[in-house]
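Secondary and tertiary structure notes
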Amino acid sequence: MTKVAVVFHSGDGHTVKQAEAIAKGANGTLVAIDAEGNISDAQWATLNESDAIVFGSPTYMGTVSWQFKKFADASSKQWFSRRWKDKVFGDFTNSDTMNGDKHSTLHYFFTLAMHHSGLWVGTGLMPSNSKAAQRNHVNYVGSFSGAMMQTPSDASADEVSAGDLETARLYGERIAKIPKQLRG
C-alpha cells in the first residue's frame, strides 16, 4: 500500500479543506504545520516513512506562508541525509484571487522537492476552459503542475469551491498511484 503524507499549513481554514481532499483521494495522512511553523517528531517520522509527500500552503504575498517556509528550512536534515530521495512529490495552494501568483508558490514547492531529489507529479487533469465551463468544474483554475484553489477573501472555510476540492481529490488519487507504478 502506498503511504502518502500531506504536509501543509492553513492560515484561515481554506487550505486545510484542500489538504483533506487530497488526503481523501490518496488515502493519505495529514501532517499539519502548526501556527509556529512546527511539526512533531512523530509527524517527521510519517514524512520519512512515506512513499509520496504533498506540500501545501496558502499563497501569501506571492509565495508560501512563513510557517511553511520554517518547515521547509527544517527539512534540511532530510536533505543532508538524502532521506527523501526518489520519493514522489506534489503540491497545492489557495489564494483569494483567481491568479494571486499561485504559480510562484507551486514553483517554490517544486524547487523544494527537487532539492530533496524527488520525483514530481503534476495534476494530469485537463483544464475546464470552454465557454460552457463553470466555477464548480474540475480544474477550473487550470493548473497542470499542482492543485490550485481560489477562495474569495470574505468566504468561510465551508465556502470553498466544490470543483477545486474535486480537483484536489483527483490529484490525490493520481499521486497515490505513481509510487505503485514506479515499483512495477
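Read on for an overview of the structure. (Residues numbered from 1 in each chain as written. Predicted model: local features only at pLDDT ≥ 70, side-chain atom pairs only at ≥ 80, totals over all residues. Heavy atoms only, no water.)

Observations regarding the overall build of the protein
The criterion, for reference: The helix and strand labels rest on DSSP assignments: H or I over at least four residues marks a helix, E over at least two residues marks a strand, and numbering proceeds from the N terminus. Note that the radius of gyration is over C-alpha atoms, with the globule rule given as 2.2 Å times the number of residues to the power 0.38. Think of it in three bands: residues with accessible area under 20% of the maximum for their type are buried, residues over 50% are exposed, and the middle band is partly exposed, with areas taken using a 1.4 Å probe on protein chains only. The contact definition used throughout considers only heavy atoms, calling two residues in contact when any of these lie within 4.5 Å. Per-residue and other accessible areas follow the Shrake-Rupley method at a 1.4 Å probe size, with only the shown protein chains counted as cover for residues. When charges are tallied, Lys and Arg are placed among the positive residues and Asp and Glu among the negative ones, while His and the ends of the chain are skipped. Throughout, a charge is located at the NZ atom of Lys, the CZ atom of Arg, the CG atom of Asp or the CD atom of Glu.
For the protein, the helix and strand inventory stands at six helices and six strands. Tracing the protein from N to C terminus, the helices and strands come up as β-α-β-α-β-α-α-β-α-β-β-α. For 184 residues, the compact-globule formula gives about 16 Å, and the C-alpha radius of gyration of the protein, at 15 Å, lands near that figure. Counting only C-alpha atoms and orienting by the principal axes, one finds that the protein spans roughly 50 × 40 × 25 Å. The buried share of the protein, reckoned over its 184 residues, is 49%. Within the protein, counting contacts between residues at least 6 apart in sequence, those at least 24 apart form 77% of the total. As displayed, the protein has an accessible area near 8800 Å², and 53% of this comes from carbon and sulfur atoms. Each charge sign in the protein was given a centre, from 18 positive and 18 negative side chains, and these centres are 9 Å apart.

Digging into the packing of aromatic side chains
Convention followed: Centres within 6.5 Å make a pair out of two Phe, Tyr or Trp rings, where for Trp the six-membered ring is used; the pair is then stacked when the planes are under 30 degrees apart, edge-to-face when over 60, and tilted otherwise.
Evaluation of the coordinates by the stated rule reveals eleven aromatic pairs. With centroids separated by 5.2 Å and ring planes inclined at 20°, the aromatic side chains of tryptophan 44 and phenylalanine 71 adopt a geometry described as stacked. Placement of the pair is tryptophan 44 in helix H2 (residues 41-49) and phenylalanine 71 in helix H3 (residues 66-74), with a sequence separation of 27 residues. Its relative accessible area of 15% is what places tryptophan 44 among the buried residues.

Focus on the pairing of strand E4 (residues 88-95)
The line we're drawing: In this analysis, strands are considered paired if DSSP registers two or more bridges between them. Orient the strands so they point away from the viewer, and a crossover whose first-strand-to-second-strand path over the helix runs clockwise is right-handed.
Of all the eight residues making up E4, eight are buried; the element is thus mostly covered by neighbouring parts of the structure. In E4, alternate side chains face the same way, and those of Val88, Gly90, Phe92 and Asn94 on one face and Phe89, Asp91, Thr93 and Ser95 on the other are all buried. Pairing of strand E3 (residues 52-58) with E4, which is carried by seven bridges, proceeds in the parallel orientation. Along E4, the bridge assignment pairs isoleucine 53 with phenylalanine 89. Alignment of E4 against strand E5 (residues 119-120), held across two bridges, turns out to be parallel. Paired with phenylalanine 89 across the strands is tryptophan 120, a residue of E5. Note on the crossover from E4 through helix H5 (residues 102-115) to E5: the handedness is right-handed. In the sheet, E4 pairs with strand E6 (residues 147-150) via four bridges, with the strands oriented parallel. Within E6, the position partnered with threonine 93 by the bridge is methionine 148.

Looking at the nonpolar core
Inside soluble globular proteins, nonpolar side chains tend to come together where they are buried. The condition that has to hold: The term nonpolar core refers to a set of buried residues drawn from Ala, Val, Leu, Ile, Met, Phe, Trp, Tyr and Cys, joined through side-chain atoms within 4.5 Å.
Counting residues in hydrophobic clusters, the biggest one holds 22 residues, and the most contacted among them are Val7, Leu47, Phe55, Phe68 and Phe71. Those elements giving two or more residues to this core turn out to be strand E1 (4-8), H2, E3, H3 and H5. Here this core takes five residues from H5, the largest share from any one element. In this structure, phenylalanine 71 is in contact with Val7, Ile33, Gly37, Ile39, Trp44, Leu47, Phe55 and Trp84, ignoring residues within four places of it in sequence.

What to know about the pattern of salt bridges
Filter applied, for reference: What counts as a salt bridge is simple: a side-chain nitrogen of Lys or Arg found within 4 Å of a carboxyl oxygen of Asp or Glu.
Counting across every chain of the model gives six salt bridges. By sharing partners, the salt bridges in this structure join Glu166, Arg169 and Glu173 into a single network.

So, unusual backbone geometry
Negative phi characterises most residues that are not glycine, and trans characterises most peptide bonds. For methionine 61, which is not glycine, the phi dihedral falls at a positive 50°. Relative to the helices and strands, methionine 61 is located in the loop between E3 and H3. Given a relative accessible area of 85%, methionine 61 falls into the exposed group.

Topic: the environment of serine 75
How we decide: Polar contact criterion, stated in full: a pair of N or O atoms within 3.5 Å, where within protein one must be able to donate a hydrogen and the other to accept it, and residues adjacent in sequence count only if both atoms are side-chain atoms.
As for its position among the elements, serine 75 is in the loop between H3 and helix H4 (76-81). It is 9.4 Å that separates the C-alpha atoms of serine 75 and leucine 112, two residues lying 37 residues apart in sequence. Those residues within four positions of serine 75 in sequence are excluded, and the remaining contacts are Trp44, Trp84, Leu112 and His116. Here histidine 116 takes part through its side chain, which lies 2.9 Å from a polar atom of the side chain of serine 75.

Function cannot be read off these values alone, since they describe shape.
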